[in-house]
Amino acid sequence: MKQITLKLSALVLFILAGSLIFINRGQAQQQQPPQGDKPVEQTRKNIRVLNGLPDSQLIPVMQFISSSLGVECVYCHVPPQFEKDDKPTKNTARQMIQMQMAINKDNKAIFGDTGAITCYTCHRGQTEPQVMPKLPHPEQAAGGGEAGAAKQAAEPLPTVDQVLAKYAQAMGGEAALRKVTSRVMIGTQTGGDGTSIPVETYRVAPDKIYSVMTGKQGAMMSGYNGTVGWQKGPRGQGLMRGAQLEAIKQTADFYGDLKLKEHYPNLSIVGRERIGGRETYVLVSKPSPNTTQKLYFDTQTGLLVRVLDLLHTMIADIPSQLDYEDYREVDGVKLPFVIRYSAVEADRSWTRRFTEIKNNVPVDEAKFNPPPAPAPAATPTSTPK
């Protein structure tokens, strides 16, 4: 049930997209442990080696391990009694976790406090560790090698403010961005299983948003009217609270791309990295002790091409990522028509392709308000005899 709940929460966050980056910001906030988050040994049965792990991190850690080995939960567990030790692979996994922890602990002088060895280091998506390099070697990209690295290192990095200013200008400039006061985005979202469903997002400045996705089981909606955040799906409806409410507030900020320093605290520039053959500047923010976020800006165009979230756990830094592609100009403002979300759990990954984006169009303000609560079912009355 815990795993199902987490997946539903993630789905709600998916349909909040509309700005460029704040869906990822919302997910990072969702990953922060709630107040009173107990150690997993106090909330689960038969915990042997993960003592001290916050309960909120257990499912992400399990997803990371299964993805690293390319297996499902049943490879080690016997659902629904996950605490049982009936399969030898579960005890082997415990031994591997202990080995990994010992290696990282004994080599802090080399790896640092965060460690460097994870399940994926050796397994690379297979149950048997990969011990030999793959041949033939990949072709070296032009400008790479020691000479390319030395040239890159010699070039001074811009400041954070310079990177953000170039980003705003690349999108069309602050004046053009602020001329837009509403936006409608229509497209499809394709999940990890290849299934595509329609998605629509409506936004009005300064902070209103409504999104709807329609699947086989019906429509799933969410909205924020500047004060109240809400969600409604086939299983019911309710108001958002806590981290979920904060997430939709961030998403609803119409001009949020002009306020990155406000939404990403303590931004610093740490270097360059190549993504898909393009060089990017890497900016880093640490919004909480257990979360680090990296923003990648194309050095040539200035546009944001990736946001990477890292959830720090005792097993590994667990990534989730958004990539932005196919930027097009819409009324003087550049927007990505393709957004890809990648998670370690394949069935949570998706690609969203917009077929139509319109700015400054009328939007019915009623869309942003919570739907009326359903009327209670009538109580049957007995017929007197």
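Since we're looking at a predicted model, the values are computed, not measured.

1. With respect to the pairing of strand 11 (residues 317-330)
Pairing of strand 10 (residues 304-312) with strand 11, which is carried by 7 bridges, proceeds in the antiparallel orientation. The residue of strand 11 that forms the bridge with His312 is Asp317. With antiparallel pairing between neighbouring strands as the criterion, strand 10 and strand 11 make up a hairpin whose turn holds 4 residues. Bridging between strand 11 and strand 12 (residues 333-343) involves 10 bridges; their strand directions are antiparallel. Directly across from Leu322, in strand 12, lies its bridge partner Tyr341. Taken together, strand 11 and the strand that follows it, strand 12, pair antiparallel across an intervening segment of 2 residues, in which Asp331 is found at a positive phi of about 55 degrees.

2. A word on the side chain of Gln189
By secondary structure assignment, the location of Gln189 is in strand 1 (residues 182-191). Within polar-contact distance, the side chain of Gln189 engages the side chain of Arg352 at 2.3 Å.

3. Side note on helix 9 (residues 160-170)
All buried positions along helix 9 are accounted for by Val160, Val163, Leu164, Tyr167, Ala168 and Ala170. Buried positions in helix 9, seen along its axis, are confined to an arc of 165 degrees and lie on one side of it. Of the residues trailing helix 9, Gly172 is marked for its positive phi of about 135 degrees.

4. Details of the pattern of salt bridges
Overall, the coordinates contain 17 salt bridges when judged by the stated rule. Arg94 is the salt-bridge partner of Asp85, the closest N and O atoms lying 3.3 Å from each other. Residue Arg94 is classed as buried on the basis of its relative accessible area, which comes to 10%. The partner of Arg306 in a salt bridge is Asp323, and the shortest N-O contact between them spans 2.6 Å. Highlighted residues: Arg306 in strand 10 and Asp323 in strand 11, separated in sequence by 17 residues.

Reading the values: the criteria
- Sequence order sets the numbering: in each chain, residues are counted from 1 along the sequence as written.
- Residue-level local features of this predicted model are given only where pLDDT is at least 70; pairs of side-chain atoms are given and counted only at 80 or more, and the full residue set underlies all totals for whole chains, interfaces and linings.
- In computing side-chain values, all of the structure's heavy atoms are included and hydrogens and water are not.
- Strands pair, by our definition, only if DSSP identifies at least two bridges between them.
- For helices the rule is a DSSP run of H or I covering at least 4 residues; for strands it is a run of E covering at least 2, with both sets numbered from the N terminus onward.
- In protein, a polar contact requires one atom able to donate a hydrogen and another able to accept it; more generally it is a pair of N or O atoms within 3.5 Å, and residues adjacent in sequence count only if both atoms are side-chain atoms.
- To sort residues, take the accessible area from a 1.4 Å probe on protein chains only and compare it with the maximum for the residue type: under 20% means buried, over 50% means exposed, and anything in between is partly exposed.
- It is the directions from the helix axis to the C-beta atoms that the arc portrays.
- Basic side-chain nitrogens of Lys or Arg form a salt bridge, by our definition, when they fall within 4 Å of a carboxyl oxygen of Asp or Glu.

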